[in-house]
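What follows is each chain in one-letter form.
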Amino acid sequence: MADTQNFQIKDYFQLTASEQKFWLPKIGESDWRAGKYLFQLLSDGQLKKHCGETSTLFLLTQGDKLISFCSFTERDEIPETELTP
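This write-up is about the structure you can find in this document. Only a predicted model underlies this, so the values are computations on that prediction, with no experimental measurement involved.

Here's the deal with the nonpolar core
- Counting 13 residues, the largest nonpolar core has Tyr-12, Ile-27, Leu-38, Leu-42, Leu-57 and Leu-59 as its most contacted members.
- For this core, the secondary structure elements donating two or more residues are helix H1 (17–28), helix H2 (33–43), helix H3 (47–51) and strand S2 (56–62).
- Once residues lying within four places of it in the same chain are set aside, the contact partners of Leu-42 are Tyr-12, Phe-13, Leu-24, Ile-27, Leu-47 and Leu-57.

Have a look at this one:
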């Protein structure tokens, strides 16, 4: 059974600049194409401009390991839709 006692959910935009700097490269290591795109938007400071000001990003971490991440955005790569998460 996995040790879940050390799991934490972090709101990326509530982290300090140094914490964001630590986690950003780990997001960039994603083998998922959308993860690479997310990394680029975050690196360029364009996520909220591109995806909506209420966009947020949650990280699931265990110690210094990034286990998973999930974004909730107003807009995604699918243009002109009335649907949002």
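There's plenty left to go through after this.
Structural notes on H2
- Among the residues of H2, those classed as buried are Gly-35, Leu-38, Leu-41 and Leu-42. Down the axis of H2, the sector holding all buried residues measures 120 degrees, keeping them to one side.
- Close packing links the buried residues of H2 with H1, H3, S2 and strand S3 (65–72).
- Positive backbone phi, approximately 65 degrees, marks Gly-45, located one or two places after H2.

Here's the deal with the side chain of Lys-10
- With respect to the helices and strands, Lys-10 occurs in strand S1 (residues 7–11).
- Despite being buried, Lys-10 has no salt bridge partner; Glu-19 is the closest side chain of opposite charge, sitting 5.6 Å away.
- Sequence-distant contacts of Lys-10, defined by excluding residues within four places in its chain, comprise Leu-15, Trp-23, Leu-57, Phe-58, Leu-59 and Thr-61.

Quick notes on the sheet that holds S2
- Across the sheet, which stays open at both edges, the 3 strands sit in the order S1-S2-S3 with antiparallel pairing between neighbours. Each edge of the sheet is formed by a strand with only one pairing partner; in this case those strands are S1 and S3. Averaged over all pairs of adjacent strands, the angle between their axes in this sheet comes to 20 degrees, without regard to strand direction.
- The sheet contact formed by S2 and S3 spans 7 bridges and is antiparallel. Bridge pairing in S3 places Phe-58 opposite Cys-70.
- Sheet strands touched by H1: S1, S2 and S3. Its angle to S3, the strand with the most contacts, is close to 85 degrees.

About the thresholds
Residues numbered from 1 in each chain as written. Predicted model: local features only at pLDDT ≥ 70, side-chain atom pairs only at ≥ 80, totals over all residues. Heavy atoms only, no water. Core = buried A, V, L, I, M, F, W, Y, C linked by side-chain atoms within 4.5 Å. Buried < 20%, exposed > 50% of the residue type's maximum accessible area, 1.4 Å probe, protein only. Helix = DSSP H or I, 4+ residues; strand = E, 2+ residues; numbered from the N terminus. Contact = heavy atoms within 4.5 Å. Arc of directions from axis to C-beta. Lys, Arg positive; Asp, Glu negative; His and termini not counted. Salt bridge = Lys/Arg side-chain N within 4 Å of Asp/Glu carboxyl O. Pairing = 2+ DSSP bridges. Axes fitted to C-alpha atoms, helices over the stretch in contact; angles between N-to-C directions.

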